[in-house]
Amino acid sequence: MKILVTGGTGYIGSHTVVELQLQGFEVVIVDNLSNSSEEIIGQVENITGMRPVLEVFDLADREKTADFFKRNADIQGVIHFAAYKAVGESVEKPLEYYRNNLVSLMNILESMKENQIPYIVFSSSCTVYGQPDELPVSEKAPIKKAESPYGNTKQISEEILQDTIK
């Protein structure tokens, strides 16, 4: 089974790639390397003995995303980690966060639909719960107003996913 891991050269993404490869999955990574380095691919290969395919481009680019999915029609699932993630920076650069985090998700979902890819794992964030009423936070906690553009992108992303999978 071939799996796309977006943001697969980041910390969580690269560890996920290692585990997927060790379980026998074929992995392809799309990453724009804005928060990571291509050197990670060699480190993954050293651990697993397999070099994952890496394509470097921005998933917010609709044409490149659509082209990637057409060339990789055998992808059966997506694990989506690619997102800007710094709360403070999101306050300083909100439009960059909205463009990157939301447009990339929509491009992925559109391409998945066009190519009949049924499975997605989305990396959300505890920020969707705002200031929680109690700790630890469970998924049963009420979602409150986000306190940053980053948190808001994760809330909106979850809404997009819910509306899309209906």
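About the thresholds
Residues numbered from 1 in each chain as written. Predicted model: local features only at pLDDT ≥ 70, side-chain atom pairs only at ≥ 80, totals over all residues. Heavy atoms only, no water. Axes fitted to C-alpha atoms, helices over the stretch in contact; angles between N-to-C directions. Helix = DSSP H or I, 4+ residues; strand = E, 2+ residues; numbered from the N terminus. Parallel < 35°, antiparallel > 145°, perpendicular 65-115°, else oblique. Left-handed = near helix turned anticlockwise from the far one by under 90°. Contact = heavy atoms within 4.5 Å. Nonpolar A, V, L, I, M, F, W, Y, C, P; charged D, E, K, R; others polar. Expected span 1.5 Å × (residues − 1). Buried < 20%, exposed > 50% of the residue type's maximum accessible area, 1.4 Å probe, protein only. Pairing = 2+ DSSP bridges. Core = buried A, V, L, I, M, F, W, Y, C linked by side-chain atoms within 4.5 Å.

## Description of the packing of helix α5 (residues 94-114) against helix α6 (residues 149-164)
Link 1 in the chain: At a minimum axis distance of 9 Å, the contact between α5 and α6 shows a crossing angle of 20°. Relative to α6, the element α5 lies roughly parallel. The element α5 and its partner α6 pack so that their crossing is right-handed. On the side of α5, the interface is formed by P94, Y97, Y98, N101, L102, L105, M106 and L109, while α6 contributes P149, Y150, N152, T153, I156, S157, I160, L161 and T164.

## Focus on the packing of helix α1 (residues 11-22) against helix α2 (residues 39-48)
When two helices pack together, you describe them by how their axes are tilted relative to each other and by the distance separating the axes.
Link 1 in the chain: Running from N to C, α1 and α2 point in directions that differ by 35°, and their axes come no closer than 10 Å. For the pair α1 and α2, the sense of crossing is right-handed. Residue-level inspection shows S14, V17, V18, Q21 and L22 of α1 in contact with α2, the latter providing I40, V44, I47 and T48.
Link 2 in the chain: Residue classes in the contact of α1 with α2 are distributed as six nonpolar, three polar and no charged.

## Notes on α5
Structural remark: α-helix, 3.6 residues per turn; residues separated by three or four positions point the same way.
Link 1 in the chain: The end-to-end C-alpha separation of α5 is 30 Å, in line with the 30 Å expected for 21 residues at 1.5 Å each.
Link 2 in the chain: Looking at α5, one finds that the buried residues are Y97, N100, N101, L102, S104, L105, N107, I108, L109, S111 and M112.
Link 3 in the chain: Buried residues along α5 sit in contact with β1 (2-6), α3 (62-71), β4 (75-80), α4 (87-92), β5 (119-122) and α6.
Link 4 in the chain: Taken from the residues just after α5, Q116 is the one with a positive phi, measuring 55°.

## Examining the sheet that holds β5
Link 1 in the chain: On the basis of which strands lie adjacent, the open sheet formed by five strands has the order β3-β2-β1-β4-β5 and parallel pairing. At either margin of the open sheet sits one strand with a lone partner, and together these are β3 (53-56) and β5. Ignoring strand direction, the axes of neighbouring strands in this sheet form an average angle of 20°.

## Description of α2
Link 1 in the chain: Listed in full, the buried residues belonging to α2 are I40, I41, G42, V44 and T48.
Link 2 in the chain: Residues of α2 that are buried make contact with α1, β2 (26-31) and β3.
Link 3 in the chain: Just downstream of α2, G49 is the residue with a positive phi angle, here 80°.

## Some remarks on unusual backbone geometry
Link 1 in the chain: A cis amide bond, omega -5°, links L135 with the succeeding residue P136.
Link 2 in the chain: Examined against the element boundaries, P136 turns out to sit in the loop between β5 and α6.
Link 3 in the chain: One non-glycine residue, L33, lies in positive phi territory at about 60°.
Link 4 in the chain: Tracing the backbone shows L33 in the loop between β2 and α2.
Link 5 in the chain: For L33, a relative accessible area of 22% translates into the label partly exposed.
Link 6 in the chain: Despite not being glycine, Q116 has its phi angle at roughly 55°, a positive value.

## Let's talk about the nonpolar core
Link 1 in the chain: Within the largest apolar cluster, 19 residues are counted, with the highest numbers of intra-cluster contacts made by L4, F68, F69, V78 and M112.
Link 2 in the chain: For this core, the secondary-structure elements that each account for two or more residues are β2, α3, β4, α5 and α6.
Link 3 in the chain: Here the element with the most residues in this core is α5; it accounts for five residues.
Link 4 in the chain: Excluding residues that lie within four positions of it along the chain, F68 makes contacts with L4, V28, V30, E55, F57 and I75.
Link 5 in the chain: Membership of the second largest hydrophobic core comes to twelve residues, among which are I29, I40, I41 and V44.

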